[in-house]
Amino acid sequence: MAVVSWKEILLLTGLVVGCFWNSLSCGFVFDDVSAILDNKDLRPSTPLRNLFLNDFWGTPMSEERSHKSYRPLTVLTFRLNYLFSELNAASYHLLNLVLHAVVCVLFLRVCRLFLDKTSSLVAALLFAVHPIHTEAVTGVVGRAELLSSIFLLAAFLAYTKSTGVDRSIVWAPIALTVVLVAAATLCKEQGITVVGICCIHEVFVAQGFTLPSLLETLRQVLRGKGWFPYAVLQTLMKLIVLTISTLLLVIIRVQVIQSQLPVFTRFDNPAAVSPTPTRQMTFNYLLPVNAWLLLNPSELCCDWTMGTIPLVESLLDLRNMTTLLFYTCLALLAHHSLCYRHGSAKTVVMALSLIVLPFIPASNLFFPVGFVVAERVLYVPSMGFCVLFAHGFKIISQKGQLKRISWLILGVLLTTHAVKTFNRNWDWESEYTLFTSALKVNKNNAKLWNNVGHALEGQNNYGEALQYFLQATRVQPDDIGAHMNVGRTYKNLNRSKEAEEAYLVAKSLMPQVIPGKKYATRVAPNHLNVYINLANLIRANESRLEEADQLYRQAISMRPDFKQAYISRGELLLKMNKLTEARDAYLHALELDRSNADLWYNLAIVNIEMKDPSEALKNFNHALELNSRHKLALFNSALLMQESGEPKFWPEANRRFLAYVEEEPDDANGYFNLGMLAMDANENPAAERWMRKAISLQAGFRSALFNLALLYSQSKRETEALPVLDELLRHHPQHIKGLILKGDILMNHKKETSGAKACFQRILDIDPTNVQGKHNLCVVYFEERDLLRAERCLEETLAMAPHEEYVRRHLSIVRGKIAAMNAAGQPLTSTEGASLAAAEAKAARAQEQSLGSSPSDKRTKGKSNKEIKDIEEKRAAALKRLEEIERILSASVWKNKWLLILPQTSCCLSSAELKFN
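Residues numbered from 1 in each chain as written. Predicted model: local features only at pLDDT ≥ 70, side-chain atom pairs only at ≥ 80, totals over all residues. Heavy atoms only, no water.

1. Overview of the overall build of the chain
Regarding its fold elements, the chain presents 40 helices and zero strands. When each of the 917 residues of the chain is scored for burial, the buried share is 51%. Taking the contacts inside the chain whose residues are at least 6 apart along the sequence as the reference set, 66% of them involve residues at least 24 apart. Just so you have it, the chain exposes about 41500 Å², and 59% of that area is on carbon and sulfur atoms. (Helix = DSSP H or I, 4+ residues; strand = E, 2+ residues; numbered from the N terminus. Buried < 20%, exposed > 50% of the residue type's maximum accessible area, 1.4 Å probe, protein only. Contact = heavy atoms within 4.5 Å. Areas by Shrake-Rupley, 256 points an atom, 1.4 Å probe, with all protein chains shown as cover.)

In structure tokens:
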């Protein structure tokens, strides 16, 4: 066996890089979104064992909605990508490119087993550049094909070494083959078909049997005229070992899917639900369609479902002639390869085995699959096609008159294929480019119109997206998903009436009740989203909440395992203040998925509304155990700890707020709450730093500005508080607490009564019933020596708040001052400029003197000092009340942080809507 030289490896690698380097600039599109972006199994926080419990898309294999595609080793490579580069698409595409180069080298090595050096290189070169491979290489999910192919080829190469020089069995390569077959199967299901390829190689190539000779030997044994030769017995022993191993793998695979086939809709594969003979004729016609894609990959399409290929419903359909021609060619090749011993026959039989056997699982001939045609499943079958082409090229090029022209044709073919592949890669740059390119090939597929609409929707181009969704409904009038998309887009355009009409059309297309038959066996999970979307729409009307709840319950009755319905219903019940039922809805959802951090978070929100903070904190902690970076759980659990007022929670609350701002470095709310925690702990420098950070991120941040000013005021830094208050009032001119604090500073520290007076008058313009603002204005009048006006003002204030003792006391002081001045014959407009506090203290001293000497001067003097101190304490208490009021209001402002998390959807849709692809 000729080895592969370094020059050939470099040639193939260079060709692969040249054809696919532009794939590095492509993003995650189509199935990549579900397999990569939405797949929690890639995250390091997900236990590794989940990879072996869930399907390729991250859905538990036990769930009916699972596609039953069990490929844990492929998902493991995605997880490694995520570990090194998270969601940087370039790294995923780079690894796919490298894997394709490895496959090309291994394929060249395999070709050397039954082709000469030149022909095998021709086959490998054609395989390296074939445009049909774009989906497998440039589409990230195509890695399943790449990895499975590597193990498939490695298993085949290992098996070819299982025969010793003396024709004896070498068991080590066979054991290695079994391991590699298992690995190939764990990358993609078709990997198991390499066992059949090994068997064909063993019988028709290694042992040199032809079909007639094999049948003759069997006939002689059955007639008792002889026995199997020793070499044949050895072959049988090896094949029995391979067969038993294969059966064990099949049994394990069946156990993994729990003996359930995946549920597909008629839109995924229309022929699968068609009657006989339409189903058989259509599925057989798909074989020449796939063969034509290998022969002429000029029109490639990412999606061949729905109406792409019309059903073959009549025996008179001319397409049946194509099917007949295909089977005729296949039969001729099979006859040539199975009935002759020459080298050409061996080459053809191996080519056919590579074409036919790996394609069988995707052929729809033995069991339905979730697609009509998929270009990526032709990755391994194209190896057999390339072998056939290279073998034909060898035959033609050996004819003298055709040698030059055959090489010229080969050069043109490789060049055109390479250019086509390079250009095709650009189609995978984004979902919009991918699906618009598909529409150029096929305009009868409603799914393509829908997906272009989704791409435009992701760009917030709802008007144009609506046109594509409407076209989808015209192409496929019974497409439930298309009508749902129309409804959602109308909603985004604030056209609620049209949205509801579209949802009702989609709902009318849902299957109706059949007595004695379960809904779950007949309803696709995605289609049930019509109930969710319609309910989410109509519940915006407070009078239709019960109607919305009925829709949620109807969805649950159709599929009791429909988790999204429980989640949405829980949110609605919370809105309806049915807290116990809301809690029960989330508990039902948790029975279906206890590993969902969002569900624990939502349950915690219900606990908060039920006034059960300890249970809420426990459920927040559950969410964080499942996802330590859950942003809302971090923020709200920390907020809950902060609002508990218990210092023992403050360190953990501080840690969680720090983790939150690490996740959301541009969210001012996190820094603001760090500042509030620092104020609680009397860590003023830290509080100032966090408040300043919050304000720098959010200009005019009301709560941060006020609390920073309050911090300065409490720290005896009133002059620094004033600019902060000015900024606060510039953004929020009606901020009453800010006006009170500014007026207080101006009057008591800056002695600017005019400025203070303007602040308090502004308060009364905003709220004429504000007692504190009214009282402080009365104090300003007193400071301005306008006693009569101060008296009238205090009388009005007392009328507003008759139970406020300090207002009554201040009024008596002012009246006493007026009486004293009248008695002394002094004008009321020329009082000494004592403050009201000083006047109150003076009145107290006068009262002492009128009562005569007390047994203890110290006691009497202490009483007057206490009065003065009491006034100052009242002012400090007023400031404290301001702080508490602000903090309460801050908490109420952030009450909207108690957001429920609704079922997550694809990119750029509102959380209350569910997207249907």
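Having seen the structure, we can now continue with the description.
2. Here's the deal with the UniProt feature "transmembrane region" (unreviewed entry) in the chain
Following the UniProt record, one finds the feature "transmembrane region" (unreviewed entry) at residues 90-111, 140-159, 168-186, 192-215, 227-252 and 347-371. What you have in residues 168-186 is 84% helix and 0% strand, and the ends, taken at the C-alpha atoms, are 31 Å apart. Annotated as 52% helix and 0% strand, the span residues 347-371 places its first and last C-alpha atoms 31 Å apart. (UniProt positions renumbered as here; feature names shortened; annotations may be inferred.)

3. Considering the environment of Val75
Within the secondary structure layout, Val75 lies in helix H3 (residues 72-85). Judged by its relative accessible area of 3%, Val75 falls in the buried class. Spatially, the C-alpha atoms of Val75 and Val141 are 9.4 Å apart, while their sequence positions differ by 66 residues.

4. With respect to the state of the cysteines
The final tally for this structure, using the stated rule, is one disulfide. Through a disulfide, Cys778 is tied to Cys793; the S-S separation comes to 2.0 Å. When the S-S torsion is -80 degrees, as for the bridge of Cys778 with Cys793, the disulfide is left-handed. Here Cys778 is found in helix H36 (residues 771-783), whereas its partner Cys793 is found in helix H37 (residues 787-800), with 15 residues between them in sequence. A relative accessible area of 4% means that Cys793 is categorised as buried. Here Cys302 stays free of any disulfide, with the sulfur of Cys301 as its closest cysteine sulfur at 5.1 Å. On the accessibility criterion, Cys302 (6% relative accessible area) is buried. (Disulfide = S-S within 2.5 Å.)

5. Things to note about a nonpolar patch on the surface
A cluster of nonpolar side chains, Leu233, Leu236, Ile240, Ile244, Leu248 and Ile251, forms an exposed patch at the surface whose accessible area comes to about 510 Å². Mapped onto the secondary structure, Leu233 falls in helix H11 (residues 230-256). (Patch = residues over 30% accessible without salt bridge, like charges linked within 9 Å, V, L, I, M, F, W, Y side chains within 5 Å. Salt bridge = Lys/Arg side-chain N within 4 Å of Asp/Glu carboxyl O.)

6. Some thoughts on unusual backbone geometry
Residue Pro277 is reached from Thr276 by a cis peptide bond, and omega for that bond is 0 degrees. Mapped onto the elements, Pro277 comes out in the loop between H11 and helix H12 (278-295). With a phi angle near 50 degrees, Glu86 is a residue other than glycine that sits in the positive phi range. By the element assignment, Glu86 lies in the loop between H3 and helix H4 (89-111).

7. Focus on helix H34 (residues 736-748)
End to end, H34 covers 18 Å across 13 residues, agreeing with the expected 18 Å (1.5 Å per residue, within 8%). The buried fraction of H34 is high, at twelve of 13 residues. Burial in H34 covers these residues: Ile736, Lys737, Gly738, Leu739, Ile740, Leu741, Lys742, Gly743, Asp744, Ile745, Leu746 and Met747. (Expected span 1.5 Å × (residues − 1).)

8. Notes on the packing of helix H24 (residues 563-575) against helix H25 (residues 579-592)
Relative orientation of the contacting elements H24 and H25 amounts to 165 degrees, with a least axis distance of 8 Å. On the basis of their axis angle, the class for H24 and H25 is roughly antiparallel. Helix-helix and strand crossings are classified by hand; for H24 and H25 the assignment is left-handed. Side by side, H24 and H25 meet where Lys563, Tyr566, Ile567, Arg569, Gly570, Glu571, Leu573 and Leu574 of the first sit next to Leu579, Glu581, Ala582, Ala585, Tyr586, His588, Ala589 and Leu592 of the second. Looking at the contact of H24 with H25 residue by residue, the class counts come to ten nonpolar, two polar and four charged. (Axes fitted to C-alpha atoms, helices over the stretch in contact; angles between N-to-C directions. Parallel < 35°, antiparallel > 145°, perpendicular 65-115°, else oblique. Left-handed = near helix turned anticlockwise from the far one by under 90°. Nonpolar A, V, L, I, M, F, W, Y, C, P; charged D, E, K, R; others polar.)

9. Some words on the environment of Arg376
In this structure, Arg376 sits in the loop between helix H14 (343-359) and helix H15 (381-397). Contacts of Arg376, omitting those with residues within four sequence positions, involve Asp31, Glu135, Ala136, Val141, Gly142 and Glu145. Of note is the side chain of Arg376, whose polar atom sits 3.1 Å from the side chain of Asp31. (Polar contact = N/O pair within 3.5 Å; in protein donor to acceptor, adjacent residues only side chain to side chain.)

10. Description of the pattern of salt bridges
Scanning all chains against the criterion turns up 40 salt bridges. With a shortest N-O distance of 2.8 Å, Arg488 and Glu457 are connected by a salt bridge. Residue Arg488 is located in helix H20 (residues 480-492), and its partner Glu457 is located in helix H18 (residues 446-458); the two are separated by 31 residues in the primary sequence. What makes Arg488 buried here is its relative accessible area of 1%.

11. Concerning the side chain of Asn445
Along the polypeptide, Asn445 turns up in the loop between helix H17 (431-441) and H18. Judged by its relative accessible area of 0%, Asn445 falls in the buried class. A polar contact of 3.1 Å, which involves the side chain of Asn445, links it to the backbone oxygen of Thr305. Reaching out from Asn445, the side chain makes a polar contact with the backbone nitrogen of Lys447 at a distance of 2.8 Å. Those residues in contact with Asn445 that sit more than four places away from it in its chain are Asp303, Trp304, Thr305, Met306, Thr308 and Val475.

12. As for H15
The end-to-end C-alpha distance of H15, which contains 17 residues, comes to 24 Å, matching closely the 24 Å that a straight helix rising 1.5 Å per residue would cover. Within the span of H15, buried status applies to Pro381, Ser382, Met383, Gly384, Phe385, Cys386, Val387, Ala390, His391, Phe393 and Ser397. Residues of H15 that are buried in the fold lie against H4, helix H5 (117-129), helix H7 (143-159), H12, H14 and helix H16 (400-427).

13. Comments concerning the confidence of the model for the chain
With 87% of its residues at a pLDDT of at least 70, the chain reaches an overall mean of 85. For residues 841-865, every residue scores under 50 in pLDDT, and the model assigns this stretch nine contacts once sequence neighbours within four places are set aside. Per-residue pLDDT stays below 50 along residues 881-898; that stretch engages in 46 contacts with residues further than four places along the chain or on separate chains. (pLDDT = per-residue confidence, 0-100.)

14. Concerning the packing of aromatic side chains
Scanning all chains against the criterion turns up 16 aromatic pairs. Between the aromatic rings of Phe28 and Tyr92, the centroid separation amounts to 5.1 Å while the plane-to-plane angle is 80 degrees, which identifies the pairing as edge-to-face. Pair noted here: Phe28 is in the loop between helix H1 (6-20) and helix H2 (31-37) and Tyr92 is in helix H4, with a separation of 64 residues, a long-range link. Taken as a pair, Phe28 and Tyr92 share a single burial class, namely buried. (Phe/Tyr/Trp six-rings, centres within 6.5 Å; stacked < 30°, edge-to-face > 60°.)

15. A look at the environment of Ala184
Position of Ala184 relative to the elements: it lies in helix H8 (residues 171-187). Taking the C-alpha atoms as reference, Ala184 lies 9.3 Å from Leu153; in sequence the two are 31 residues apart. For Ala184, the contacting residues outside a window of four places in its chain are Ser148, Phe151, Leu152 and Gly191.

16. A look at the side chain of Arg79
With respect to the secondary-structure elements, Arg79 resides in helix H3. Asp41 provides the closest opposite charge to the buried, unpaired Arg79, separated from it by 6.1 Å. In terms of polar contacts, Arg79 uses its side chain to reach the backbone carbonyl oxygen of Pro44, at 3.3 Å. If we ignore the near neighbours within four places in the chain, the residues touching Arg79 are Asp41, Leu42, Arg43, Pro44, Thr46, Pro47, Leu48 and Leu51. (Lys, Arg positive; Asp, Glu negative; His and termini not counted.)

17. Some thoughts on the packing of H36 against H37
Where H36 contacts H37, the two axes come as close as 8 Å, and the packing angle between them is 165 degrees. Looking at the two axes, H36 sits roughly antiparallel to H37. Once H36 is placed against H37, the crossing between them reads as left-handed. Two secondary-structure elements touch here, H36 through Val771, Lys774, His775, Leu777, Cys778, Tyr781 and Phe782 and H37 through Leu787, Arg789, Ala790, Cys793, Leu794, Glu796, Thr797 and Met800. The residue makeup of the contact of H36 with H37, split by class, is ten nonpolar, two polar and three charged.

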